[in-house]
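Observations on chain architecture
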Amino acid sequence: MKYIYLVLIPLLFTACSQKNVQIADLKNYSQNPTSYTQNIKPKLENQEELAKEFIKNYFSVWQRDKLSRSKEEASWGNIYAKKEIYLENHKLASKQWFEKQIENSNFEQFNSSLQKAILIKNSDFRVFPTESRMFYNPKKAGEGFPFDYNQNSRVKINTPVLISHYSKDKAWAFVESHYVFGWIRVDNLLLVNEKQKKEFMKDELYVIVKEGFEVFDKNSLEDLKVGTFFPKKDDKYLLASNSSIKKIDINPHKIKKLPIKFNSKNITNLAKEFIAEPYGWGGLNNHRDCSSFTQDFFSAFGVYLKRNSKAQTLLHKYIDLSNMDDEEKKEYIKRNATPFLTLVYLRGHIMLYVGIQKDEPMVMHNIWGVRTWYFLSESRNVIGKTVITTLEPGNELLNFNPQKSILKKIQGIVILEEGI
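Scope of this entry: the structure provided in the associated data block.

Rules and cut-offs
- Residues numbered from 1 in each chain as written.
- Predicted model: local features only at pLDDT ≥ 70, side-chain atom pairs only at ≥ 80, totals over all residues.
- Heavy atoms only, no water.
- Salt bridge = Lys/Arg side-chain N within 4 Å of Asp/Glu carboxyl O.
- Helix = DSSP H or I, 4+ residues; strand = E, 2+ residues; numbered from the N terminus.
- Buried < 20%, exposed > 50% of the residue type's maximum accessible area, 1.4 Å probe, protein only.
- Pairing = 2+ DSSP bridges.
- Core = buried A, V, L, I, M, F, W, Y, C linked by side-chain atoms within 4.5 Å.
- Contact = heavy atoms within 4.5 Å.

**Concerning the pattern of salt bridges**
One pass over the full model with this rule turns up 29 salt bridges. Salt-bridge contacts for Glu103 lead to Lys168; the nearest nitrogen and oxygen are separated by 2.5 Å. Here Glu103 is found in helix 6 (residues 95–105), whereas its partner Lys168 is found in the loop between strand 4 (160–166) and strand 5 (172–176), with 65 residues between them in sequence. In this structure Glu103 comes out as partly exposed when scored by relative accessible area, which is 45%. On the basis of relative accessible area, Lys168 is assigned to the partly exposed category, the value being 41%.

Rendered as structure tokens:
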């Protein structure tokens, strides 16, 4: 027994010292997308048709006479009132706090406004009409920052929306975009009339392909993300501002006509815009999470994906791998997945397959961390950015949790060149 303790104690403390270290995959495998694109000949059929369908989806909310969801679906966030939720001060939200949010949500007026509008800023869509953040127990691994459950998504400037109704304090509007609904501050919206709507609703769109701040005029600038769209008129791009739709110039190196051609050069250049981007749950701090990475990557090629990981398995050919063991999954993916046209799905996470390196199937994904143990409790080894890894990142760590590895949890793959 004494011998066992002498063996276990050093192992325990060594594992604990590895609570947050760089995983070996980031050193052993190239993080340069060029390493994965130089020997492929990608092919995506019917890009022009896909782009037309994408534009149709983008403007779809302006073609509706009411929101696509019922009042019960739209107010789903009320379930949080029955849970233990912590606010940004790490104190439990009170019953009275939730009652105030639900009262201010004013869902008695659901679908009463039905105004067309455009986002004039990159905007957070919230579950409740408040800036307050909501967390599960911050002391538990995988909870607390950055997992704000009051955050539905970050939606880009120039996105069309349909307004359902306003909060009782008139500071917030409940809106739906082409892929998400939620509460948005009213000062992030430009209401549009029929003339403005027709001017903006073009059959062609141009897409941002290089990220960074763009100054529109002395009073207006925005951090433009890949997957931000602009209509074009008279060699200028149309931008929704706080008072009107105006014409602006954008650096031609940053914007291209949708869809950009699906070839190795464009795949490489686009992937480089995402690699090493900090993790942003629901778009926190204007960064991406796993599904917003895949959504924005494919949007530039005119391929429409929904917003969350589960929803991204629905519009395309999905192959269930859940009954396979780990080695069977790896072999199936190596044989059947197409680099940069296949998604790998597990509950709560989605990844882009990029090919094979050193006989390992490789994926590019924006990930918070890998599951580990810390003093016999579940923990996370934080990665917190977009990386290229094997399907078992972190498996070399002494405190790695093999039962919760990405590979073991993979449910299936999505083949994007089929079923679209």
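**Quick look at the sheet that holds strand 12 (residues 232–233)**
Overall, antiparallel pairing links the 3 strands, which are arranged 12-13-14 in an open sheet. At either margin of the open sheet sits one strand with a lone partner, and together these are strand 12 and strand 14 (245–248). Across 2 bridges, the pairing between strand 12 and strand 13 (residues 236–240) is antiparallel. Its bridge partner lying in strand 13, Lys232 is registered against Tyr237.

**What about the nonpolar core?**
Leu189, Leu270, Phe297, Phe298 and Phe340 are the most contacted members of the largest nonpolar core, which has 75 residues in total. Looking at which element gives the most residues to this core, the answer is helix 4 (residues 47–58), with 5 residues. In contact with Phe298, other than residues within four places in its own chain, are Val303, Leu305, Phe340, Leu341, Leu343, Leu352 and Leu416. Residues Tyr332, Ile333, Tyr353 and Ile406 belong to the second largest nonpolar core, which totals 24 residues.

Any functional reading would require information that these geometric values do not contain.
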